[in-house]
Amino acid sequence: VIRNIAQLLYWGTHYSGANKAWIKYLLKKRDVKLMLNYHHIVKDEAFVQNLTHGYSHRLSAFDAQMAYLSENFKVNTDIDDYNSITITFDDGAKSNFTNAHGLLEKYGLKAWFFLNDRHLDTSPQRTLWVDEMYEWLSHAKTGSYAFGSFSKDLTNDNLFEFEQHLFDHLVHNFDELDAFISFIRSNTHFDLNSNADRFAPMSLDELAHMKAYGHELGFHTRNHYMLGSISSEVLANELVIPDYLKNVINRSEVLSIPFGIPKTVNSKVFQEIFDAGYKTILLNEVRSKGADIKGRINVVNSSELPKISSYLARWPLFLFER
Ligand SMILES: [Zn+2]
């Protein structure tokens, strides 16, 4: 009964527009920054419900969301402006340029784009390992899989368990990542080119175009490792912006943390990031840990509704948890 009442209240605030007034009130009243975090924006006809769909959005849904945000809220790239909503993208997928940028331009919106140099046109790997892992898992055939020190059977009913095991293995054994990637590229029927548009990286020319338009470009570490499970030496290297990117990235004082999961990223990691010269850290968690460690709403696919308003309606509830 309580659950039904809560749902009634939730949808009631959504459809009456009360949530919009509520968010506007809180944006003015509370010193909490509201930031949204996106990843892939995919053309409707190319959108498939596989394992990467959770952090992908249809172009039409993104269009409706941007229309709603630009009509109802102040949207800008000032991450210290507590009266505005800020849009961010992580991982540097080509769809950020080919699909998202055009729509942002259509509504006169500017956003932040956080880049991994492993996932740029200039890198030998060219794909982000997380994307490649989920794409492979979406098509993997049952059987025994082994690379490096990993070994596990994939059956018809253990995909979720297999994924958890594989992900956990990779984030604790990053030295085996290249072995995993070459294993799936050469020993399985996986064809990354079948879905190349979805996983291709941006080029430096495209990034220059976006920067000239007025987007902000920041860093998301070199290899997208889980920062809480690597040594201080590896972490130090992950935080260094390579020379060729120094002219591309214009906001090198802000770091977006990969995965952004605080339980693996402890205060020691935060301190090492600040020691490396960063002034602000962005998480993928809703709640901020202070003015210099800011939370973001990870806009996942379960929130892919014609209008983002129903998802934002949940945001004030997070505030009351503080
Ligand atoms: Zn990321």
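Before reading on, note that the structure itself is shown above.
All of these numbers come straight from a predicted model, not from anything done at the bench.

Chemist: Tell me what's going on with the coordination of the zinc ion, and back it up with residues and numbers.
Modeler: Tetrahedral coordination by four donors sets the ideal angle at the metal to 109.5 degrees; octahedral coordination by six donors sets it to 90 or 180 degrees. Only D91 (OD), H220 (NE2) and H224 (NE2) from the protein coordinate the zinc ion, and they sit 2.0 to 2.1 Å from it. One chain supplies every donor for the zinc ion, spaced along it as D-x128-H-x3-H. One end of the pair, D91, is in the loop between β4 (85–90) and α4 (95–106); the other, H224, is in the loop between β8 (216–219) and α10 (232–238), and 133 residues separate them in sequence. In this structure H224 comes out as buried when scored by relative accessible area, which is 4%.

Chemist: With reference to specific residues and values, describe the nonpolar core.
Modeler: Core analysis: the largest hydrophobic core is formed by 75 residues, its most contacted members being Y38, L69, I87, F89, W129, L166 and L312. Per element, the largest residue contribution to this core is six residues, and it comes from helix α5 (residues 129–139). Of all hydrophobic cores here, the second largest spans six residues; its members include M35, W112, F114 and L282.

Chemist: Tell me about the packing of aromatic side chains, residues and numbers included.
Modeler: Counted by the stated rule, this structure contains 21 aromatic pairs. Here F62 and F89 contribute two aromatic rings whose centre-to-centre distance is 5.9 Å and whose plane-to-plane angle is 65 degrees, an arrangement assigned as edge-to-face. Of the two residues, F62 is situated in helix α3 (residues 59–72) and F89 in strand β4; the sequence distance between them amounts to 27 residues. Residue F62 shares its accessibility class with F89, and that shared class is buried. An angle of 10 degrees between the planes, with centres 4.8 Å apart, marks the rings of F89 and F113 as stacked. One end of the pair, F89, is in strand β4; the other, F113, is in strand β5 (residues 112–115), with 24 residues separating them in the sequence. With respect to burial, F89 and F113 carry one shared label: buried.

Chemist: Can you lay out the side chain of N76 for me, pointing to particular residues and giving the numbers?
Modeler: Among the secondary structure elements, N76 is positioned in the loop between α3 and β4. A distance of 3.1 Å separates the side chain of N76 from the side chain of D81, its partner in a polar contact.

Chemist: Quick one: what's the story with the environment of N116, residue by residue and with numbers?
Modeler: By the secondary structure assignment, N116 is in the loop between β5 and α5. Judged by relative accessible area, N116 falls into the buried class, the value being 1%. Residues N116 and H220, 104 residues apart in the sequence, show an inter-C-alpha distance of 5.2 Å. Among all residues touching N116, those that are not within four sequence positions of it are D91, L128, H220, T221, R222 and H224. Reaching out from N116, the side chain makes a polar contact with the backbone oxygen of H220 at a distance of 2.6 Å. A polar atom in the side chain of N116 sits 3.0 Å from the backbone oxygen of T221.

Chemist: Account for the pattern of salt bridges, with residues named and values stated.
Modeler: Under the defined criterion, the tally for this structure stands at 13 salt bridges. A salt bridge links D90 to R296, with the shortest nitrogen-to-oxygen separation between them at 3.0 Å. Residue D90 is found in strand β4, and its partner R296 is found in the loop between β11 (293–294) and β12 (297–298); the two are separated by 206 residues along the sequence. Across the pair, R296 and D90 agree in class, each one buried. Across the pair E161 and K152 runs a salt bridge whose closest N-O atoms are separated by 2.9 Å. Judged by its relative accessible area of 47%, E161 is partly exposed. Taken together, the shared-partner salt bridges connect E216, R251 and E253 into one network.

Chemist: Hey, could you go over the packing of α5 against helix α7 (residues 177–187) for me, with residue numbers and the actual values?
Modeler: In contact at an axis separation of 11 Å, α5 and α7 are set at 40 degrees when each is read in the N-to-C sense. The angle between α5 and α7 falls in the class oblique. When the axes of α5 and α7 are compared, the crossing they make is left-handed. Contact with α5, carried on its side by W129, E132, M133 and W136, involves L177, F180, I181, I184 and R185 of α7 and no other residues of that element.

Parameters and conventions
Residues numbered from 1 in each chain as written. Predicted model: local features only at pLDDT ≥ 70, side-chain atom pairs only at ≥ 80, totals over all residues. Heavy atoms only, no water. Donors = N, O, S within 2.8 Å, 3.2 Å for Na, K, Ca; no water. Helix = DSSP H or I, 4+ residues; strand = E, 2+ residues; numbered from the N terminus. Buried < 20%, exposed > 50% of the residue type's maximum accessible area, 1.4 Å probe, protein only. Core = buried A, V, L, I, M, F, W, Y, C linked by side-chain atoms within 4.5 Å. Phe/Tyr/Trp six-rings, centres within 6.5 Å; stacked < 30°, edge-to-face > 60°. Polar contact = N/O pair within 3.5 Å; in protein donor to acceptor, adjacent residues only side chain to side chain. Contact = heavy atoms within 4.5 Å. Salt bridge = Lys/Arg side-chain N within 4 Å of Asp/Glu carboxyl O. Axes fitted to C-alpha atoms, helices over the stretch in contact; angles between N-to-C directions. Parallel < 35°, antiparallel > 145°, perpendicular 65-115°, else oblique. Left-handed = near helix turned anticlockwise from the far one by under 90°.

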